[in-house]
Amino acid sequence: MMRNYIGLLGISVLIVLSGCRGARSEKTPFHLNPNFDWQPKFRAQMLTTLPPEGTVIWGNEHSFSSAKSREHYLKEDTVFYSGKLENGAFVSTIPVRVDAALMTRGQERFNIYCAACHDQSGTGRGMVVQRGFAPPPNLGDERLLTVQDGYLYDVISNGIRNMPGYAKQIPEADRWAIVAYVRALQKVQHATIEDVPESSRKEIK
Ligand code: HEC
């Protein structure tokens, strides 16, 4: 008799539990044991981001967008990834083509990631600093005019003294775009009327 009750109880528990799975609902399912529910796997026609274990994808991945897939690549292009030459010295000029698109991207990324402290013109009076954070130097300081592009890239990637690094948030290509934009901000601070096309000069006088 008792056995039957235990058997029945067992079955009803199973029925109740099975009700947790498979029913249609708008809500996110509650996962007591998420084993195997989320896992890297292949589906037909899917792009792979998973190199076999112990191998490294060879080649150029600058076009890859997700940070996850980028990590799998062999970072062969030392200058692009570290801002340094083989001998460890900072590269003097940006190793990518500087054009209007890169500048626009750099401006946007600078205003997102840097302006909070450095302010949008780079003088170092961003909102976070106004609220008490250690003040950064003016990016237009003479000293920073003479540093290599690779140095600026390194500061963005790894931080310096009171400034945190942004390698985790900002992909390499965007860091170079920011470097290009910092150069533009510096130029603006030291611009003279000769830098303005003659036709536009009277507009700013
Ligand atoms: C949280 C605030 C903060 C943010 C955000 C920030 N910085 Fe800084 N930055 C600082 C501070 C503070 C210093 C001064 C560090 C020191 O000397 O202790 C600094 C210094 C620098 C320097 C000068 C390094 C030197 O040689 O003295 C550069 C260049 C620079 N930052 C660029 C950037 C760029 C580009 C970004 C955006 C990717 C950025 N920073 C984001 C706070 C910040």
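Everything in this summary refers to the structure shown in the same document.

Thresholds applied
- Residues numbered from 1 in each chain as written.
- Predicted model: local features only at pLDDT ≥ 70, side-chain atom pairs only at ≥ 80, totals over all residues.
- Heavy atoms only, no water.
- Helix = DSSP H or I, 4+ residues; strand = E, 2+ residues; numbered from the N terminus.
- Contact = heavy atoms within 4.5 Å.
- Areas by Shrake-Rupley, 256 points an atom, 1.4 Å probe, with all protein chains shown as cover.
- Near = heavy atom within 4 Å.
- Polar contact = N/O pair within 3.5 Å; in protein donor to acceptor, adjacent residues only side chain to side chain.
- 1 Å grid on protein atoms, 1.4 Å probe; cavity = no way out; pocket = protein on both sides within 12 Å on 5 of 7 lines; lining within 4 Å.
- Sits in = over half its atoms within 2 Å of the grid points.
- Points joined across faces, edges and corners; volume = space filled by probe spheres on them.
- Nonpolar A, V, L, I, M, F, W, Y, C, P; charged D, E, K, R; others polar.
- Expected span 1.5 Å × (residues − 1).
- Buried < 20%, exposed > 50% of the residue type's maximum accessible area, 1.4 Å probe, protein only.
- Arc of directions from axis to C-beta.
- Salt bridge = Lys/Arg side-chain N within 4 Å of Asp/Glu carboxyl O.

What about the overall build of the chain?
Regarding its fold elements, the chain presents 10 helices and zero strands. For the chain, the succession of helices and strands along the chain, N to C, is α-α-α-α-α-α-α-α-α-α. Long-range contacts, defined here as pairs at least 24 residues apart, represent 46% of the contacts in the chain between residues at least 6 apart. Total accessible area on the chain is roughly 15200 Å²; 58% of this is exposed by carbon and sulfur atoms.

A word on the site of the ligand
Taken together, the neighbourhood of the ligand is formed by 22 residues, with Cys114, Cys117, His118, Tyr151 and Met163 sitting nearest. Separating a nitrogen atom of the ligand from a side-chain N or O atom of His118 is a distance of 2.7 Å. Arg143 is positioned with one of its side-chain polar atoms (N or O) 2.7 Å from an oxygen atom of the ligand. Judged by its atoms lying within 2 Å of the grid points, the ligand is housed in the largest pocket.

Topic: the layout of surface pockets
In this structure, the largest pocket spans a volume of roughly 600 Å³. If you go around the largest pocket, you meet 27 residues; those closest to its centre are His118, Pro136, Val155, Ile160 and Met163. Listing elements by their share of the lining of the largest pocket, those giving two or more residues are α4 (100-113), α5 (115-118), α7 (142-146), α8 (149-158) and α9 (172-189). Counting residues per element, the lining of the largest pocket draws most heavily on α8, at four residues. Class assignment for the residues of the lining of the largest pocket results in 23 nonpolar, two polar and two charged.

Some remarks on the environment of Met163
Following the sequence through the fold, Met163 ends up in the loop between α8 and α9. When the C-alpha atoms of Met163 and Cys117 are compared, they prove to be 9.4 Å apart, with 46 residues separating the residues in sequence. Not counting chain neighbours up to four residues away, the residues in contact with Met163 comprise His118, Val155 and Ile156.

Let's talk about α4
Between its first and last C-alpha atoms α4 spans 20 Å; for 14 residues at 1.5 Å apiece the expected length is 20 Å, and the two agree. Considered for burial, the residues of α4 that qualify are Leu102, Gly106, Arg109 and Phe110. The arc that holds every buried residue of α4, seen down its axis, measures 105 degrees, which confines them to one face. Of the exposed residues in α4, those oriented more than 90 degrees away from the buried face are Ala100, Ala101 and Thr104.

Quick look at the pattern of salt bridges
The tally for this structure, following the rule as stated, stands at six salt bridges. As a salt-bridge pair, Arg105 and Asp174 come within 2.7 Å of each other at their nearest N and O atoms. On the criterion of sequence distance, the pair formed by Arg105 in helix α4 and Asp174 in helix α9 is long-range, its members being 69 residues apart. Residues Arg183 and Asp149 are paired through a salt bridge, measuring 2.7 Å at the closest nitrogen-oxygen approach. Of the two residues, Arg183 sits in helix α9 while Asp149 sits in helix α8, which places them 34 residues apart along the sequence. Counted as one network, the salt bridges with shared partners bring together Arg105, Glu108, Arg109 and Asp174.

Description of the environment of Arg97
Relative to the helices and strands, Arg97 resides in the loop between α3 (78-82) and α4. Separated by 83 residues in the primary sequence, Arg97 and Ala180 place their C-alpha atoms 9.9 Å from one another. Within the local environment of Arg97, its side chain forms a polar contact with the side chain of Asp99, the two groups lying 3.0 Å apart.

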